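# Close look at the chain arrangement
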Amino acid sequence: MIGDDDREAAATRLQDAYAGGYIAHEEMDDRLQRALTARTREDLAAALASLPEPKAEAASTIAAGSGRIKRRGAWRVPRTLKVASAFGKVYLDLSRAVIEHPVVDIELAIGTGRAKITVPRDAIVDIGALQAGWKEPRYKAPQRTGPGGPTIRISGAMGFGRLKVRHARR
């Protein structure tokens, strides 16, 4: 399922495409109607088909030498997020976050400490590019995921620590 924030982001993208001369007024009205009544990510993708890709935004970085790095609630997740922590704990909760991109890349650089990432229930998680120095990451893919969830790709390196990834319950 998608939320109002997803629909609003799609509407903004359609309005930007119209303002840039990529689509005609009638086409924008039609696509806007489809985007605002979309129920799945596939419906949104159909409304946004053939539009130019939005400009790539720079990677956002969250860093701490020691202590905790914590993000939860309704925070906006960038397309690429770099998380660096020398000593401490990292907790990222994406379950209620605003995710505007179909693919989110999270690059971890953790020296000593644990990292816990909670992803949306319908997310697809890829931890294949993560290098673990001490303990292997803990992730158990759900038997079923809902259609149209974002793909969360986790990469980078962890020294003496462990990554635990779990899906939100609701």
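For the structure given in this document, a descriptive report is provided here. Computed from a prediction, not measured in an experiment: that's the story for all the values here.

Cut-offs and rules
Residue positions within a chain follow its written sequence, with the count starting from 1. Two thresholds apply to this predicted model, a pLDDT of at least 70 for residue-level local features and 80 or more for giving and counting side-chain atom pairs, whereas whole-chain, interface and lining totals are computed over all residues. Remark: hydrogens and water are excluded; side-chain values derive from all non-hydrogen atoms of the structure. Salt-bridge detection follows one rule: a side-chain nitrogen of Lys or Arg within 4 Å of a carboxyl oxygen of Asp or Glu. Where helices and strands are cited, they refer to DSSP runs of H or I of at least four residues and of E of at least two residues respectively, numbered from the N terminus. When accessible area is computed with a 1.4 Å probe and restricted to protein chains, residues below 20% of their type maximum are described as buried, those above 50% as exposed, and intermediate ones as partly exposed. What makes a nonpolar core is a set of buried Ala, Val, Leu, Ile, Met, Phe, Trp, Tyr and Cys residues whose side-chain atoms join them at distances within 4.5 Å. Here the expected span of a helix is defined as 1.5 Å times the quantity of residues minus one. The arc in question is traced by the directions running from the helix axis to the C-beta atoms. Here, two residues are considered to be in contact whenever any of their heavy atoms come within 4.5 Å of each other. Two strands pair if DSSP finds at least two bridges between them. Here, patches come from residues exposed beyond 30% relative accessible area and free of salt bridges, joined within 9 Å for like charges and within 5 Å for nonpolar side chains (Val, Leu, Ile, Met, Phe, Trp, Tyr). To be clear on the numbers: accessible area is Shrake-Rupley with a 1.4 Å probe, and residue cover counts the displayed protein chains and nothing else. As used throughout, the charge tally considers Lys and Arg to be positive and Asp and Glu to be negative, leaving His and the chain termini uncounted. To locate a charge, take NZ of a lysine, CZ of an arginine, CG of an aspartate or CD of a glutamate.

Should the charged atoms of two oppositely charged side chains come close, the side chains can pair. Going through the model one piece at a time under the given rule, you end up with seven salt bridges. Across the pair aspartate 6 and arginine 41 runs a salt bridge whose closest N-O atoms are separated by 3.8 Å. Placement of the pair is aspartate 6 in helix H1 (residues 4–19) and arginine 41 in helix H3 (residues 41–48), with a sequence separation of 35 residues. With a relative accessible area of 12%, aspartate 6 lands in the buried category. For arginine 41, a relative accessible area of 22% gives the class partly exposed. The salt bridge involving arginine 76 is made with glutamate 100; its shortest N-O contact spans 2.0 Å. With a gap of 24 residues between them, arginine 76 in strand E3 (residues 76–77) and glutamate 100 in the loop between strand E6 (98–99) and strand E7 (103–112) connect regions that are remote in the sequence.

Turning our eyes to something else, we now look at the nonpolar core. Counting residues in each nonpolar core, the largest one holds 26 residues, and the members touching the most others are Leu94, Ile106, Leu108, Ile154 and Leu163. Elements with a contribution of two residues or more to this core: strand E4 (80–87), strand E5 (89–93), E7, strand E8 (115–119), strand E9 (124–132), strand E11 (151–160) and strand E12 (163–167). At four residues, the largest contribution of residues to this core is made by E7. Counting residues in hydrophobic clusters, the runner-up holds 14 residues, among them Ala11, Ile23, Ala35 and Ala38.

When the terminal C-alpha atoms of H1 are compared, their 22 Å separation across 16 residues agrees well with the 22 Å that a helix rising 1.5 Å per residue should span. Every buried residue belonging to H1 is among Asp6, Arg7, Ala10, Ala11, Leu14 and Ala17, and all of these are buried. All buried residues of H1 lie within an arc of 135 degrees about the axis, which places them on one face of the element. When the buried face of H1 is taken as reference, the exposed residues oriented beyond 90 degrees from it are Asp4, Asp16 and Ala19. On its buried side, H1 packs onto helix H2 (25–36), H3 and E6.

This brings us to the environment of arginine 72. Secondary-structure assignment places arginine 72 in the loop between strand E2 (68–71) and E3. Overall, the relative accessible area of 56% leaves arginine 72 in the exposed class. Sequence separation of arginine 72 and glycine 148 is 76 residues, and the distance between their C-alpha atoms is 22 Å. Setting aside residues no more than four positions away along its own chain, arginine 72 makes contact with Tyr91 and Asp93.

Read across the sheet, five strands follow the order E2-E5-E8-E12-E10 without closing on themselves; strand pairing throughout is parallel. The two strands at the open ends of the sheet, each matched to only one other strand, are E2 and strand E10 (138–139). Where E2 lies against E5, four bridges are found, and the strand directions are parallel. Bridging across to E5, lysine 70 finds its partner in tyrosine 91.

A cluster of basic side chains, namely Arg68, Lys70, Arg72, Lys89, Arg96 and Arg114, defines a positive patch on the protein surface. Assignment of secondary structure puts lysine 70 in strand E2.

Once that is clear, we can look at H3. Buried within H3 we find Leu44, Ala47 and Leu48. Seen along its axis, H3 keeps its buried residues to an arc of 90 degrees; they face one direction. Its buried side turned inward, H3 meets H1 and H2. Positive backbone phi, approximately 70 degrees, marks serine 50, located one or two places after H3.

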